[in-house]
Amino acid sequence: MPSGQRAQWKGFLKFGEVTCGVALYTAASTSERITFNTINKATGNRVNRIFIDSETEDPVPKEAQTKGFEIENGQYIIIDPEEVSAAIPESNKTLEIEAFIPCSDVDDVYFDKPYYLTPDKMGGDAFAALRDAMKKSMVAAIARTVLFRRMRTVLIRPHGKGLIASTLNYDYEVRSSDKAFEEMPKLKIEGEMLDLAKHIISTKKGEFDPATFDDRYEAALADLVKAKLEGKSLPKPKKVQVSKPNDLLAALRESAGMMRAAADKPKRTAANANQGTGRQRAARGAAAKSAASKAAPQRKAS
């Protein structure tokens, strides 16, 4: 069990006639993001949400609320929450593997949310046998079970010492790419323009390291809070200039030249780059903590 983390789901993982106890832990969380409350400008107090009747505009208490499915404009079939609960598939708390497939078979557009899948103390051997066999066979597993009140399809892959289980979107939830790209003009790029674009790509090749990517929006919010506390204003961002078709070739030539020049310069090491990023993060964190402590007595918008 990960230290200080609560399991989102506990059950069993079954492959063939082998079953072992497992638990799911959230792999990605938004809890560290800066959030804001809605505030009454006149009083500085936090605003509470109240449900009102769309016609009478009278407040509707929670005990008087129910569910409804709209069949026509303003006409609803009333469905009680108890009826919704009864429609939820019965859960046997078992992730039963239905098939092993190549990892590349699943398009990334179907990926929903990732969870770390870990064994309980009694099922470690069976869990490790499955993990290692999947690694050597270079396959992922498709399983289904009821998770969070819905029947879910899950893709399970080896990940470090354990497994990672990603819930998958259903086919009806994924929009057609044909529709998204239907207005794309049919263009064929060749000659110098294509060669320059390929050259830029070759000079920018690297490896994916999530530690080197900062959340610029969160950093901007932290800077904004800090500036507000200090009574300062932030500089306005520069407007992005989009390359026009008639000067695209010139922009590619300029980019290729810059890439060549950059390749000749000594690069700062990744360790130094990360240290600089760490100092920036520490500064922003201190600003956010300062903002929280100073604004707390006023029921701040944190």
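A. Looking closely at the pairing of strand S6 (residues 111-119). With five bridges joining them, strand S2 (residues 18-26) and S6 adopt antiparallel strand pairing. When the bridges of S6 are listed, Thr26 appears paired with Tyr115. Sheet analysis places S6 next to strand S9 (residues 162-168), joined by five bridges and oriented antiparallel. Bridge assignment links Tyr115 to a residue of S9, and that residue is Ala165.

B. The arrangement of the nonpolar core in detail. In terms of nonpolar packing, the biggest core is built from 21 residues, with Leu13, Leu117, Ile156 and Leu163 touching the most fellow members. Mapped onto this core, the elements with two or more residues apiece are strand S1 (9-15), S2, strand S5 (94-102), S6, helix H2 (124-137), strand S7 (139-147), strand S8 (150-159) and S9. Of all hydrophobic cores here, the second largest spans six residues; its members include Ile101, Val106, Ala140 and Leu155.

C. Just the pattern of salt bridges, in detail. Applying the stated criterion across every chain, the model contains six salt bridges. Across the salt bridge formed by Lys232 and Glu230, the nearest N and O atoms sit 3.4 Å from each other. Ionic contacts of the salt-bridge type, sharing partners, join the residues Lys226, Glu230 and Lys232 into one network.

D. Inspection of the side chain of Thr145 at higher detail. Structurally, Thr145 can be placed in strand S7. By relative accessible area, which is 3% here, Thr145 ends up buried. Beyond its immediate stretch of four places on either side in the chain, Thr145 contacts Trp9, Asn92, Lys93, Thr94, Leu95, Arg150, Met151 and Arg152.

E. Region of interest: the sheet that holds S1. A barrel is described by the order of its strands in space; here seven strands give the closed sequence S1-S2-S6-S9-S8-S7-S5, paired in mixed fashion. Each neighbouring strand pair of the sheet contributes to a mean axis angle of 40 degrees, computed without reference to strand direction. Here S1 pairs with S2 via seven bridges, running antiparallel. Residue pairing in the sheet places Lys10 in a bridge with Ala23 of S2. Packing against the sheet, H2 makes contact with S1, S2, S5, S6, S7, S8 and S9, and its axis sits at approximately 75 degrees to S9.

Reading guide: rules and limits
- Residue positions are given per chain, counted from 1 along the sequence in the order it is written.
- Whole-chain, interface and lining totals are the exception, using all residues; otherwise, since this is a predicted model, local features are given only for residues with pLDDT of at least 70 and side-chain atom pairs are given and counted only at 80 or more.
- Note that the side-chain values use all heavy atoms of the structure and ignore hydrogens as well as water.
- Pairing between strands is defined by DSSP: at least two bridges between them are needed.
- Helix and strand definitions follow DSSP, with helices as H or I runs of at least four residues and strands as E runs of at least two, each counted in order from the N terminus.
- Here the nonpolar core consists of buried residues drawn from Ala, Val, Leu, Ile, Met, Phe, Trp, Tyr and Cys, with membership extended through side-chain atoms lying within 4.5 Å.
- Each residue's exposure class comes from its accessible area (1.4 Å probe, protein chains only) as a fraction of the maximum for that residue type: buried when under 20%, exposed when over 50%, partly exposed otherwise.
- We define a salt bridge as a side-chain nitrogen of Lys or Arg found within 4 Å of a carboxyl oxygen belonging to Asp or Glu.
- Should any heavy atoms of two residues lie within 4.5 Å, those residues are considered in contact.
- Here the axes come from fitting lines to C-alpha atoms, over the contacting stretch only for helices, and the angles between their N-to-C directions go from 0 to 180 degrees.

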